[in-house]
Amino acid sequence: MRLVLVGPPGAGKGTQAQFLAAHYLIPHISTGDIFRANLKAGTPLGLQAKVFMDKGELVPDSVTNEMLKDRLTHGDVSNGFLLDGFPRNVAQAEVLRAILAEKKMPLDAVLEFSLANEEIVARLSSRRTCKDCFQPSVGVEKCPSCGGDVYQREDDKAEVIARRLEVYQEQTAPIVSFYRNEGLLITVGALGSVEDITAHAISALSRVSE
Ligand code: AMP
């Protein structure tokens, strides 16, 4: 299964990505997590990305596309992959299409999680993220997945959330039509329990993976 997850920040892409990747036994590739891991390790890439991430802006395509291209050379993608957070604009979607065409590994589906703006703001402002594995959680002091300490991402603070939503509407939302035109789009409502949303997603995807 070769899958892209799309949706506004806070729609639950990261959470759903964990379950879907485990279900299909495919790697979960989150460009945001790769940037955060680089930042934690103090690499030049991480420090370069931080400037944009802290403001809620997209990291420039030249940097992000190269990073993604490199990640797709790893052997673990041969049985499929789940992209979470890439592409973030139409130019990235076109680059991805070209990379995958060259590898003869076209996408099977693009799963869009839809959610109203008020719900997004409420979710993001209460979200905490694990310092070690980056898993998101709400209302906990330790990561439910690995026991690591949790913190509030700089870009989950109120001032930055508004900008991230604008960036989503202006730059990322157009990829929904891009993928609808490609016949790849599947939309799932992102309101409800995590388990129910995962079940809806798997049920919708079963129609494309057979
Ligand atoms: P995320 O964890 O997916 O919400 O990403 C956090 C931040 O990382 C975003 O707000 C961007 O600053 C940056 N980022 C992640 N993925 C991309 C991408 N595909 N293109 C540009 N910037 C990205």
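(A) How the structure looks around the side chain of T31. Here T31 lies in helix α2 (residues 31-40). Contacts of T31, omitting those with residues within four sequence positions, involve T64, M67, L68, D84, G85 and F86.

(B) The sheet that holds strand β2 (residues 28-30), seen in detail. Across the sheet, which stays open at both edges, the five strands sit in the order β2-β3-β1-β4-β8 with parallel pairing between neighbours. Two strands close off the open sheet at either side, each with one partner strand: β2 and β8 (185-189). Going across the sheet, the axis of each strand differs from the next one's by a mean of 25°, ignoring polarity. In this sheet, strand β4 (residues 109-114) lies alongside strand β1 (residues 2-6) in parallel orientation, the contact comprising four bridges. Across the sheet, L3 pairs through a bridge with A109, a residue of β4.

(C) Up close: the site of the ligand. Among the 16 residues in the neighbourhood of the ligand, the closest are listed as T31, R36, E57, G85 and Q92. At 2.8 Å, a side-chain N or O of T31 approaches a nitrogen atom of the ligand. Within the side chain of R36, a nitrogen or oxygen atom sits 2.7 Å from an oxygen atom of the ligand. Here the ligand has 480 Å² of accessible area as a free molecule, and 95% of this is covered by the chains. If one sorts the elements of the shell around the ligand by residue count, α2 sits on top with four residues.

The rules we used
Residues numbered from 1 in each chain as written. Predicted model: local features only at pLDDT ≥ 70, side-chain atom pairs only at ≥ 80, totals over all residues. Heavy atoms only, no water. Helix = DSSP H or I, 4+ residues; strand = E, 2+ residues; numbered from the N terminus. Contact = heavy atoms within 4.5 Å. Pairing = 2+ DSSP bridges. Axes fitted to C-alpha atoms, helices over the stretch in contact; angles between N-to-C directions. Near = heavy atom within 4 Å. Polar contact = N/O pair within 3.5 Å; in protein donor to acceptor, adjacent residues only side chain to side chain. Areas by Shrake-Rupley, 256 points an atom, 1.4 Å probe, with all protein chains shown as cover.

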